[in-house]
Amino acid sequence: MKIYISKALAIAILAVSPWLMANKPLRIDGPHSDRVHYTKIQAELDADEHRVDASMTLRWTNKTSQTFNEIPFHLYLNAFSSTETTFMQETNGGQLRGDRREGDSRENFGYVKVLELTDEKGSNIIDQWSMDVDIAKLTLSQPLEPGQTITLNFKFESQLPKVFARSGHNGETFNFVAQWFPKPSVWYKGRWVNHRYHAHSEFFADFGVYDVSLTVPKSYKVGATGVRVNSEEDEEKSTHHYRAEDVHDFVWTADKNFGEASKEWNGLTVRLLYQKPLDDESIQHQLDSAIGSFKWFDSVVGPYPYSTMTLVQPPSSASGASGMEYPTLVTTITNIEKSSFQEMAAMVTVHEVGHNYWQGILASNEFEESWMDEGINSYTEGRIMEEGLNMPALMSIGDWQVNMPMMHRIRAAASQNIDPVNTNSWSFIDSRRYGSNSYSKPATILNTAERYWGKATVDQLLANYYRAWAFKHPTTEDFLTVAREINPEMADFLNRAINTTQGIDLKIHKISSRKMDTPAGFDLAAKEVKESFKKPEETDKYRNEVILLRNGELFPKSIDVRLVYEDGTTEYRKWELLSDRKWSKWLWESDQKLVEAMVDPKFTWLLDLNYTNNIQRVSSESNETWRWSLPLAQALQNITTTLFVF
């Protein structure tokens, strides 16, 4: 099993003539994963009913050391079958990421139903199949020993709902077919991971090979996971044969309104299926955003092994399908027209493409450790926007700009430390904390690590993590183990930031600066004490006092404090923070009056919960520039709550 390809070998392979890679799902030869299954599907879309009729042959190999008497399955599409499912109950009847189920008519619901099930000999075993809404179980006819393979033949139908959450149709010609077939669960860390489809969880599956034929009306364009091997058509229909290797899911889309554009880079074809009409500048902007992402990942993290990436633009009537990631295929936002003042179209595409690394290739358990994909990806999206695409500002209006690290920091600070980042996705107190702890807080944790320990250190962490755990389903502890090998102090910070609710607020508690006087009073050493009394006289010196205070335990060893004097002179000092003392008092003399003190003036420790108390000036009227910061932070938090839902 080939887990990782060195960069040198990857470059050598990719230097081969492009024709060698034509119609190959991998641009770097595999296998890269353990390929637990081979799945062959023949599916046909009934475009009028938005139903998929399919047959599937699953060859599943027991790659574990366990003997199995049953195999559990996911039936994700059944989450949309009624208002009583776990998903519907947790989404208040069907509301997710700003979209909602339109009503109670038949077209707003969907399901997947296994109609027939036989073994490799053709024997009917449907009686051994039991379903509990969106999960199922197959009781095996005989134990499946380690290393043995079982072959199962399914016939099933998948009714797409009108889309409000990832999968479905728009009531017209757009169909997005995701989580649509019976999918085996993963045996992981000594147990089956077979959770229901929760409102705030995504997916987890084994790697394998997919060989899929998709039949659609002839006028429809198709996009799917993997590479299109061939297509054929008759007067009414067309059939498209796709193959994907070393992936853990297969999705597809079909729409008669798709336009198509593509761009090549280094053995990779990026294909855009867009809603007509769309201007050339916007088309190129999307393709360039994707390729810029791959260039950044290739140089910082590691090579992308697949030969394709398909970008799908849903229509405005199917916004529930937008901003989602699947192996070698992602959906953009519905409006991808290039804007002069904001880069949401690029950012979402960068984000979704990034998922093909942190989830598509590493494939952590998103049910239970959602931060490992969403959070790391939210960190790297900001890096790519600035370094890969030269778009440091997500929004620019005149001189006012907002960058990704600060947007994530504001959202993380506003959500409070109620749950640890490392929490089951369905166990957070509410959806706001799920979003913050899965996306913005881990992004802020990594941005803090970058600013404190250096970008090169974090780059080493990302590259080593990818090299060690690509295609292996890593855990939080695996990530931390890699960090400990690089920098134990940083790893300790990451551990506490991810696994606890520790927080920190650094502040200037007090500042004063006053003219010094000469000593006054009696001189007890004088021969005539009663005659030694002196009155104080003002000098040109100042006595300064600054008291620094920390609240919380997630603090750095030291942090900069900037001191500004009346003549404009600036001095930087280190505040050495101690675990057994929450405050530090500085007393000193100077020739100039101290007018301002600020903790962390370069905003290095982004996890600081309240920046508005980081600065204090001696003259209270000079605080005006900071009085607006708290309402601004709240306003930006409201913006980020809307933006970061992908």
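Below is a short write-up of the structure. (Residues numbered from 1 in each chain as written. Predicted model: local features only at pLDDT ≥ 70, side-chain atom pairs only at ≥ 80, totals over all residues. Heavy atoms only, no water.)

**So, helix 3 (residues 280-300)**
Logical step 1: For helix 3, built from 21 residues, the straight-helix expectation of 30 Å at 1.5 Å per residue is met to within 8% by its first-to-last C-alpha distance of 30 Å.
Logical step 2: Burial analysis of helix 3 places 15 of its 21 residues in the buried class, which makes it a mostly covered element.
Logical step 3: A side-chain oxygen of the first residue of helix 3 lies 3.2 Å from the backbone nitrogen of Glu-281; this N-cap is Asp-279. (Helix = DSSP H or I, 4+ residues; strand = E, 2+ residues; numbered from the N terminus. Expected span 1.5 Å × (residues − 1). Buried < 20%, exposed > 50% of the residue type's maximum accessible area, 1.4 Å probe, protein only. Polar contact = N/O pair within 3.5 Å; in protein donor to acceptor, adjacent residues only side chain to side chain.)

**Comments concerning empty space enclosed by the protein**
Logical step 1: Evaluated as defined, the whole model comprises four cavities of 30 Å³ or more.
Logical step 2: Empty space within the largest cavity amounts to approximately 130 Å³.
Logical step 3: For the lining of the largest cavity, the secondary structure elements donating two or more residues are strand 23 (325-326) and helix 4 (344-358).
Logical step 4: A class-by-class count of the residues in the lining of the largest cavity yields six nonpolar, six polar and five charged.
Logical step 5: Around the second largest cavity, the lining is made up of 13 residues, and of these Ala-412, Asn-417, Lys-441, Leu-607 and Leu-609 lie nearest the centre.
Logical step 6: Elements with a contribution of two residues or more to the lining of the second largest cavity: helix 6 (404-414) and helix 7 (431-453).
Logical step 7: Broken down by element, the residue count for the lining of the second largest cavity peaks at three residues, all from helix 6. (1 Å grid on protein atoms, 1.4 Å probe; cavity = no way out; pocket = protein on both sides within 12 Å on 5 of 7 lines; lining within 4 Å. Points joined across faces, edges and corners; volume = space filled by probe spheres on them. Nonpolar A, V, L, I, M, F, W, Y, C, P; charged D, E, K, R; others polar.)

**Topic: the packing of aromatic side chains**
Logical step 1: On inspection of all chains with the given rule, the structure shows 44 aromatic pairs.
Logical step 2: Each ring, one from Phe-80 and one from Phe-164, has its centre 5.8 Å from the other, and the planes form 80°; the classification is edge-to-face. Of this pair, Phe-80 sits in the loop between strand 3 (68-74) and helix 2 (86-90) while Phe-164 sits in the loop between strand 9 (149-159) and strand 10 (168-169), and the two are 84 residues apart along the sequence. Here Phe-80 and Phe-164 have matching classes, each one buried.
Logical step 3: With 5.9 Å between their ring centres and 90° between their planes, Phe-80 and Tyr-197 make a pair best called edge-to-face. Highlighted residues: Phe-80 in the loop between strand 3 and helix 2 and Tyr-197 in the loop between strand 14 (191-193) and strand 15 (208-217), separated in sequence by 117 residues.
Logical step 4: For Phe-80, a relative accessible area of 1% corresponds to the buried category. (Phe/Tyr/Trp six-rings, centres within 6.5 Å; stacked < 30°, edge-to-face > 60°.)

**Comments concerning the environment of Leu-115**
Logical step 1: Counting through the fold element by element, Leu-115 comes out in strand 6 (residues 111-119).
Logical step 2: On the basis of relative accessible area, Leu-115 is assigned to the partly exposed category, the value being 40%.
Logical step 3: As a C-alpha pair, Leu-115 and Asp-591 span 476 residues in sequence and 88 Å in three-dimensional space.

**So, unusual backbone geometry**
Logical step 1: With omega at 5°, the peptide bond leading from Gly-30 into Pro-31 counts as cis.
Logical step 2: As for its placement among the helices and strands, Pro-31 is situated in the loop between helix 1 (7-14) and strand 1 (37-46).
Logical step 3: With a phi close to 60°, Val-133 is a non-glycine residue in the positive phi region.
Logical step 4: Within the fold, Val-133 resides in the loop between strand 7 (129-132) and strand 8 (135-144).
Logical step 5: Residue Asp-600 is not a glycine yet carries a positive backbone phi of 55°.
Logical step 6: When you line up the elements, Asp-600 lands in the loop between strand 32 (594-599) and strand 33 (615-617).

**Let's talk about the sheet that holds strand 27 (residues 504-517)**
Logical step 1: Read across the sheet, three strands follow the order 27-28-31 without closing on themselves; strand pairing throughout is antiparallel. Of all strands in the sheet, those with a lone pairing partner are strand 27 and strand 31 (583-590), marking the two edges. Across the sheet, the mean angle separating the axes of adjacent strands is 15° when strand polarity is ignored.
Logical step 2: Sheet analysis places strand 28 (residues 538-552) next to strand 31, joined by eight bridges and oriented antiparallel. By the bridge assignment, Leu-548 is partnered in strand 31 with Ser-584. (Pairing = 2+ DSSP bridges. Axes fitted to C-alpha atoms, helices over the stretch in contact; angles between N-to-C directions.)

**A few points about a nonpolar patch on the surface**
Logical step 1: A surface patch of nonpolar side chains, amounting to about 310 Å² of accessible area, comprises Phe-341, Ile-397 and Trp-400.
Logical step 2: Tracing the backbone shows Phe-341 in the loop between strand 24 (329-331) and helix 4.
Logical step 3: Given a relative accessible area of 45%, Phe-341 falls into the partly exposed group. (Patch = residues over 30% accessible without salt bridge, like charges linked within 9 Å, V, L, I, M, F, W, Y side chains within 5 Å. Areas by Shrake-Rupley, 256 points an atom, 1.4 Å probe, with all protein chains shown as cover. Salt bridge = Lys/Arg side-chain N within 4 Å of Asp/Glu carboxyl O.)

**Describing the pairing of strand 25 (residues 393-397)**
Logical step 1: Inspection of the sheet shows strand 25 paired to strand 26 (residues 400-403) by four bridges, in the antiparallel sense. Across the sheet, residue Ser-396 finds its bridge partner in strand 26, namely Gln-401.
Logical step 2: In this antiparallel pair of consecutive strands, strand 25 and strand 26, the connection spans two residues, and Gly-398 shows a positive phi of 65°.

**Things to note about the nonpolar core**
Logical step 1: One finds Phe-154, Trp-180, Phe-250, Trp-252, Phe-479, Phe-493 and Leu-494 to be the most contacted residues of the largest nonpolar core, which totals 170 residues.
Logical step 2: The leading source of residues in this core is helix 4, at nine residues.
Logical step 3: Beyond its immediate sequence surroundings of up to four residues, Trp-180 is in contact with Ile-41, Ala-43, Val-52, Ala-54, Leu-77, Val-112, Phe-156, Ser-158, Phe-250, Val-251 and Trp-252. (Core = buried A, V, L, I, M, F, W, Y, C linked by side-chain atoms within 4.5 Å. Contact = heavy atoms within 4.5 Å.)

**Quick look at the packing of helix 4 against helix 5 (residues 371-388)**
Logical step 1: At a minimum axis separation of 8 Å, helix 4 and helix 5 run at an interaxial angle of 130°. Compared by their axis directions, helix 4 and helix 5 come out oblique. The hand of the helix 4/helix 5 crossing is right-handed. Contacts from Ala-346, Met-347, Val-350, His-351, Gly-354, His-355 and Trp-358 of helix 4 reach helix 5 at Met-372, Asp-373, Glu-374, Ile-376, Asn-377, Ser-378, Thr-380, Glu-381, Ile-384 and Met-385.
Logical step 2: In terms of residue class, the contact of helix 4 with helix 5 is made up of eight nonpolar, six polar and three charged. (Parallel < 35°, antiparallel > 145°, perpendicular 65-115°, else oblique. Left-handed = near helix turned anticlockwise from the far one by under 90°.)

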